[in-house]
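# A structural walkthrough
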Amino acid sequence: MADHRSSEPTRHWVRLNPRIAARTIHGETLILTPHDSILHTLNEVGTRVWSLLAQAESPEAIAFTLSQEYEVEVEEAREDVFCLLRTLKEKGIIETSTSELGTQQPD
């Protein structure tokens, strides 16, 4: 069994912004950000990431779960998860304990 832990420190936290409103309908998550009144949509995979974040899963654990569920390499899933998390943070949808969210890219 492959080791899904990253060699990169993972002591930061990620959580859903408590000020947003979100609902999942037909496999897509709709998110309203009140600071700009924009409605954002997550596709099936983004919705899965969202549900794992709601369960307080770490980004690395989310990547491992997605790699198993979608049969992709852990590093590919990790890159995609961190890309989504950076986008969600920029839009004020999630909060993190650090301003740097997965900026180190794998070789």
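Let me begin by describing the structure that accompanies this report. (Residues numbered from 1 in each chain as written. Predicted model: local features only at pLDDT ≥ 70, side-chain atom pairs only at ≥ 80, totals over all residues. Heavy atoms only, no water.)

### A few points about the pairing of strand β2 (residues 21-25)
- Here 5 bridges tie β2 to strand β3 (residues 28-33), and the two strands are oriented antiparallel to one another. Residue pairing across strands places Ile 25 opposite Glu 28, the latter belonging to β3.
- Following β2, the chain reverses through 2 residues before pairing antiparallel with β3; His 26 in that reversal takes a positive phi of roughly 50°. (Pairing = 2+ DSSP bridges. Helix = DSSP H or I, 4+ residues; strand = E, 2+ residues; numbered from the N terminus.)

### Comments concerning the packing of aromatic side chains
- Throughout the structure, instances matching the rule amount to 0 aromatic pairs.
- The lysine or arginine in question, Arg 78, covers the ring of Phe 82, its NZ or CZ lying 4.5 Å from the ring centre. (Phe/Tyr/Trp six-rings, centres within 6.5 Å; stacked < 30°, edge-to-face > 60°. Lys NZ or Arg CZ within 6 Å of the ring centre and 35° of its normal.)

### Quick look at the nonpolar core
- Counting residues in hydrophobic clusters, the biggest one holds 18 residues, and the most contacted among them are Val 49, Leu 53, Ile 62, Val 81, Leu 85, Leu 88 and Ile 94.
- If you list the elements that add at least two residues to this core, you get α1 (44-54), α2 (59-70) and α3 (74-90).
- The element contributing the most residues to this core is α3, with 5 residues. (Core = buried A, V, L, I, M, F, W, Y, C linked by side-chain atoms within 4.5 Å. Buried < 20%, exposed > 50% of the residue type's maximum accessible area, 1.4 Å probe, protein only.)

### Remarks on the side chain of Thr 29
- The residue Thr 29 is located in strand β3 in this model.
- We classify Thr 29 as buried; its relative accessible area is 0%.
- Thr 29 has contacts with Ala 22, Arg 23, Thr 24, His 40, Thr 41, Leu 42, Thr 47 and Trp 50, leaving out every residue within four places of it along the chain. (Contact = heavy atoms within 4.5 Å.)

### Brief notes about the packing of α2 against α3
- Viewed as axis vectors pointing N to C, α2 and α3 meet at an angle of 130°, and their least axial separation amounts to 8 Å. Here α3 runs oblique to α2, going by the angle between their axes. α2 and α3 meet at a crossing whose hand is right-handed. Residue-level contacts link Pro 59, Glu 60, Ile 62, Ala 63, Phe 64, Leu 66 and Ser 67 of α2 to Val 74, Ala 77, Arg 78, Val 81, Phe 82 and Leu 85 of α3.
- A breakdown of the residues in the contact of α2 with α3 according to their chemical character gives 10 nonpolar, 1 polar and 2 charged. (Axes fitted to C-alpha atoms, helices over the stretch in contact; angles between N-to-C directions. Parallel < 35°, antiparallel > 145°, perpendicular 65-115°, else oblique. Left-handed = near helix turned anticlockwise from the far one by under 90°. Nonpolar A, V, L, I, M, F, W, Y, C, P; charged D, E, K, R; others polar.)

### A closer look at the sheet that holds β2
- The strand order β2-β3-β4 describes an open sheet built from 3 strands, whose pairing is antiparallel. The sheet terminates laterally at β2 and β4 (38-42), the two strands that pair on one side only. This sheet shows a mean twist of 20° between the axes of neighbouring strands, independent of strand direction.
- Relative to β4, β3 runs antiparallel, the two being bridged by 5 bridges. Note on β4: the bridge partner recorded for Leu 30 is Thr 41.

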